[in-house]
Amino acid sequence: MKEGFGNVWTAELPEGCRLCMKGAKLVLFVTGVCGRACFYCPLSKKRAGRDLSWANERPVRSRDDVILEAHRMEALGAGITGGDPGVRMERTLEYIRLLKEAFGPEFHIHMYTAMALGGRELKELKRAGLDEIRYHAWGKAEGMWESMERAVGAGLSTGVEIPAIPGQGKGIEAVARRMEGTGAEFLNLNELEFSHENAQAMRERGYELKSETSHAVRGRRPWRPWRPAGTWSWPSTSAPHHTRTPTS
Ligand code: SF4
């Protein structure tokens with residue numbers, strides 16, 4: 001077991017996580033549109049359901065905004081988030097190509113999706129330059145396991161990233177077990193946090209703040225998961241990670 005920057009993990013961290021921990025990843029929010037309606041979704045009103053892109057906190061009005069922001073923060077890579085980047089595939093492909101052309105093949109790009117992407121889409125993502133894909137395989141995950149197999153077959157580093165919901169240990173363990181055999185390499189569990197947007201839904205389900213000085217959900221840490229053969233990690237950041245942006 002290894003620890004650092006408030007995270008714990010086994011084996012090796014995915015490259016996307018290593019660069020995030022260094023603060024070297026541009027957060028490229030492709031769209032606020034998403035086909036899911038997770039009760040814990042922390043997307044702010046200014047982003048949720050709105051088909052707009054942001055590079056960190058910079059609204060993207062042209063391709064230049066993406067490049068300028070990546071230069072400003074001296075990014076070594078990008079995490080492509082939403083919403084779900086999978087619902088705006090052409091835009092996602094365009095951004096990946098743009099970043100790889102501007103910063104070269106070493107610029108590491110990972111993306112999040114809650115969709116069971118098809119083989120053609122995954123191959124296109126790989127051809128465009130995507131390095132790593134993370135599936136939000138929680139709730140309705142039909143077809144996602146097969147999609148993971150296709151992602152692995154397309155040559156993408158593939159993993160699962162889901163929230164560590166208190167009381168849902170068995171469900172999380174089932175996800176870990178289901179991952180086996182897909183070829184996926186890692187399972188990331190994000191700690192659940194209250195946000196302005198999800199607070200009511202969280203309270204209705206009986207979740208409470210850990211303390212008055214923390215946004216964390218009480219009871220989020222005691223369970224320790226069964227470990228899949230690859231890496232599992234427990235980042236300290238709010239769930240779900242794929243919706244995170246620097247300040248909103
Ligand atoms: S948490 Fe992610 S998958 Fe769920 S509704 Fe929000 S953006 Fe969509």
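Residues numbered from 1 in each chain as written. Predicted model: local features only at pLDDT ≥ 70, side-chain atom pairs only at ≥ 80, totals over all residues.

### Some thoughts on unusual backbone geometry
- Residue G82 is joined to G83 through a cis peptide bond whose omega torsion reads 25 degrees.
- Looking at the secondary structure, you find G83 in the loop between β6 (77–82) and α3 (89–103).
- In this structure, A11 is a non-glycine residue whose phi angle is positive, near 50 degrees.
- Relative to the helices and strands, A11 is located in the loop between β2 (7–9) and α1 (15–21).
- With 15 C-beta atoms packed within 10 Å, A11 lands in the partly exposed category.
- Of note in the backbone geometry, N56 takes a positive phi value of approximately 50 degrees without being a glycine. (Helix = DSSP H or I, 4+ residues; strand = E, 2+ residues; numbered from the N terminus. Buried ≥ 20, exposed ≤ 12 C-beta atoms within 10 Å, placed from the backbone.)

### Considerations on the confidence of the model for the chain
- Mean pLDDT over the chain works out to 88, with 86% of the residues at or above the 70 mark.
- Contacts of residues 221–229 to residues separated by more than four positions or lying in other chains number 15 contacts, the stretch itself having pLDDT below 50.
- Every residue in residues 236–240 is under pLDDT 50, and counting partners more than four places away or in other chains gives 23 contacts. (pLDDT = per-residue confidence, 0-100. Contact = placed C-beta atoms within 7 Å.)

### A look at the pairing of strand β7 (residues 108–113)
- Counting buried positions along β7 gives six out of six residues, so the element sits mostly inside the fold.
- What you see with β7 is no split at all: H108, H110 and Y112 on one side and I109, M111 and T113 on the other are buried throughout.
- The pairing of β6 with β7 spans four bridges and is parallel. Bridge pairing in β7 links I80 to M111.
- In the classification by handedness, the crossover that spans β6, the intervening α3 and the parallel β7 is right-handed.
- Where β7 meets strand β8 (residues 132–135), four bridges bridge the pair, whose relative direction is parallel. Looking at the pairing, T113 lines up with Y135 of β8. (Pairing = 2+ DSSP bridges. Right-handed = clockwise from strand over helix to strand, strands pointing away.)

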